[in-house]
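These are the residues of each chain, in order.
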Amino acid sequence: MTADDLTRPVQEAADALRQRLGDSPARVGIILGTGLGKLVDEIEVQDSIRYDEIPSMPLSTVESHVGRLIYGTLRGVPVLAMQGRFHLYEGYSAHEITRPVRVLAALGVETLLISNAAGGMNPLFQRADLMLLTDHINLQGVNPLTGPNVDEWGPRFPDMSEPYDEDLRQSAEAAALKRGVKLQQGVYVAVEGPNLETRAEYRFLRTIGADAVGMSTVPEVIVAKHMGLRCMAISVITDECFPDALEPVSIADVLTAAAEAEPRLTQIMGDVVETLA
Ligand code: HPA
C-alpha cells in the first residue's frame, strides 16, 4: 500500500463533493449511527447525496443504515451528516470504513459528533440509557492508521490522551442536565463483531475497564484525532450485558431500544451542535 492508495480515493470523493456542494461552510460533521437517524428530520437539507453517487465511497450493506451524505443546517449551524456508516464486519478494511471521516475533514469539518448502539456492561446502566464516551479501548485487532503515514493528514504516532473533547463533553452534560435526560458516562470498547459477545467475553471486557461494547466509532475517532478533529460520541445502550444474568438479544431488540432512546439523543446532539454556531 502506498500513500497514494490512501489519498487518491479521499481526493476523488472530496473533489466530487466540492463540485456538487461548492465550498461547504460546514465545520461540523455528524455520523448518524443507530439511534440518531431521526436527527435528519431536524436538518434543513440543502443536498442529500447517496453514497453510490460519491466516487470511492464504500456502500452500506446493513439494512438499518441508510447510505446518504446530508448537507444542510441544524439549528442554524451548517453540517455534513453521514446517514449510515461502515463497519469492519461488513468486510471493509479499517481504511475503507474511515474514509468518509477523511473526506469530511478534507471538506473542512473540524468537529465530529458520533452516535452508536452499544451493549451495557456497567451494572448501573439500563437498556435505552445514553452513555457519553469518556474514553475507549480498541479491541478490533486492526487500526486505520497502519500503512504509510500521510504527513499532511497527521502524525505517525498521534496522541490519544483525550480522544473525546472535554469542552464537547461538558456541552453534552449541560444539555442533558437542562433537558432532564439521564446521561451515563463511560469507556467504550470496540470489537469487530458481528456476533454479540459470550458471557465470558462480557466478563473479560468489563474486567479490562469497559462500560459498554460496540462494533464501531473507535476507528472513526482514531482517524479524526489523527487529522486534528475534536470528537464527541454518545452510545445508546441497547442491551444489558451482565454475564450472570444474560438474556438472548435480537437485532430487533437492539433497534427497539435505539428507537426508544432516539428522541433524547436527538435533543442532546442538537443542543451540542447549537453551541458550535
Ligand atoms: N455487543 C456488541 N455490540 C453491540 C452490542 C453488544 O452487546 N449491543 C449493541 N451493539
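To be clear, the structure that these remarks concern was listed above.
This structure is a prediction, so every number in the text was calculated from the model and none was measured. (Residues numbered from 1 in each chain as written. Predicted model: local features only at pLDDT ≥ 70, side-chain atom pairs only at ≥ 80, totals over all residues. Heavy atoms only, no water.)

Caption draft 1: Structural context of the packing of aromatic side chains. For the coordinates displayed, the defined rule picks out two aromatic pairs. Judged by centre distance (5.4 Å) and plane angle (40°), the ring pair of Y51 and F86 falls under tilted. One end of the pair, Y51, is in the loop between strand 2 (43-50) and strand 3 (68-74); the other, F86, is in the loop between strand 4 (77-83) and helix 2 (94-106), and 35 residues separate them in sequence. Neither Y51 nor F86 differs from the other in exposure class; each is buried. A centroid spacing of 5.8 Å and a plane angle of 85° characterise the contact between F86 and Y92, whose relative ring orientation is edge-to-face. For the pair shown, F86 and Y92 are each scored as buried. By way of ring pairs, the aromatic residues Y51, F86 and Y92 are connected into one cluster. (Phe/Tyr/Trp six-rings, centres within 6.5 Å; stacked < 30°, edge-to-face > 60°. Helix = DSSP H or I, 4+ residues; strand = E, 2+ residues; numbered from the N terminus. Buried < 20%, exposed > 50% of the residue type's maximum accessible area, 1.4 Å probe, protein only.)

Caption draft 2: Structural detail: the site of the ligand. Around the ligand sit A117, A118, G119, L196, E197, Y202, V213, G214, M215, T238, D239 and C241, and that is every residue in its neighbourhood. In this structure, a nitrogen atom belonging to the ligand sits 3.3 Å away from a main-chain N or O atom of G119. Contact between the ligand and D239: a nitrogen atom at 2.6 Å from a side-chain N or O atom of the residue. For the ligand, whose free accessible area comes to 260 Å², the fraction covered by protein is 95%. At the level of elements, strand 5 (111-120), strand 8 (212-214) and strand 9 (230-240) are the ones that each hand at least two residues to the shell around the ligand. (Near = heavy atom within 4 Å. Polar contact = N/O pair within 3.5 Å; in protein donor to acceptor, adjacent residues only side chain to side chain. Areas by Shrake-Rupley, 256 points an atom, 1.4 Å probe, with all protein chains shown as cover.)

Caption draft 3: Broad picture of the pairing of strand 1 (residues 28-32). For strand 1, a buried count of five out of five residues is recorded, marking the element as mostly surrounded by other parts of the structure. Of the two faces of strand 1, the one lined by V28, I30 and L32 and the one lined by G29 and I31 are each fully buried. Inspection of the sheet shows strand 1 paired to strand 4 by five bridges, in the parallel sense. Bridge pairing in strand 4 links L32 to Q83. Both strand 1 and strand 5 contribute to a ladder of four bridges, which runs parallel. (Pairing = 2+ DSSP bridges.)

Caption draft 4: Structural context of the nonpolar core. L17, I54, L69, L80 and L112 are the most contacted members of the largest nonpolar core, which has 50 residues in total. When sequence neighbours within four positions are dropped, the list of residues in contact with L17 reads G22, I49, I54, L69, V103 and L107. L39, V40, A81 and A172 belong to the second largest nonpolar core, which has 31 residues in total. (Core = buried A, V, L, I, M, F, W, Y, C linked by side-chain atoms within 4.5 Å. Contact = heavy atoms within 4.5 Å.)

Caption draft 5: View of helix 1 (residues 3-21). Over its 19 residues, helix 1 runs 27 Å from end to end, which matches the ideal 27 Å to within 8%, given 1.5 Å per residue. As for helix 1, its buried residues are in contact with strand 2, strand 3, strand 4 and helix 2. Phi turns positive, to about 75°, at G22, one or two residues after helix 1. (Expected span 1.5 Å × (residues − 1).)

Caption draft 6: Structural view of the pairing of strand 7 (residues 183-190). Most of strand 7 sits out of view: seven of its eight residues are buried. Crossover handedness for the path strand 7 to helix 4 (residues 199-207) to strand 8: right-handed. (Right-handed = clockwise from strand over helix to strand, strands pointing away.)

Caption draft 7: Highlighting the environment of L112. Looking at where L112 falls in the secondary structure, it is placed in strand 5. Overall, L112 belongs to the buried group, its relative accessible area being 0%. The sequence separation of L112 and E220 amounts to 108 residues, and the corresponding C-alpha distance is 9.2 Å. When sequence neighbours within four positions are dropped, the list of residues in contact with L112 reads G29, I30, I31, V101, L104, E220, A224, L229, R230, C231 and M232.

Caption draft 8: Molecular detail of the packing of helix 1 against helix 2. Relative orientation of the contacting elements helix 1 and helix 2 amounts to 50°, with a least axis distance of 9 Å. Accordingly, the angle class assigned to the pair helix 1 and helix 2 is oblique. For the pair helix 1 and helix 2, the crossing hand works out as right-handed. On helix 2, the residues that touch L6, P9, V10, A13, A14, L17 and R18 of helix 1 are H95, R99, R102, V103 and A106. When the residues that make up the contact of helix 1 with helix 2 are grouped by side-chain class, the tally is eight nonpolar, one polar and three charged. (Axes fitted to C-alpha atoms, helices over the stretch in contact; angles between N-to-C directions. Parallel < 35°, antiparallel > 145°, perpendicular 65-115°, else oblique. Left-handed = near helix turned anticlockwise from the far one by under 90°. Nonpolar A, V, L, I, M, F, W, Y, C, P; charged D, E, K, R; others polar.)

Caption draft 9: Main features of the pattern of salt bridges. A full pass over the atoms with the stated rule returns 19 salt bridges. For R20, the salt bridge is made with D47, and the minimal N-O distance between the two is 2.9 Å. One end of the pair, R20, is in helix 1; the other, D47, is in strand 2, with 27 residues separating them in the sequence. Of the residues examined, D47 reaches a relative accessible area of 17% and is grouped as buried. The partner of D271 in a salt bridge is R179, with the nearest N and O atoms 2.7 Å apart. With D271 in helix 6 (residues 251-274) and R179 in helix 3 (residues 166-179), this pair connects stretches of sequence that are 92 residues apart. By relative accessible area, D271 is classed as buried at 6%. Several salt bridges converge on common partners, so that one network encompasses E42, R75, K178, R179, D271 and E274. (Salt bridge = Lys/Arg side-chain N within 4 Å of Asp/Glu carboxyl O.)

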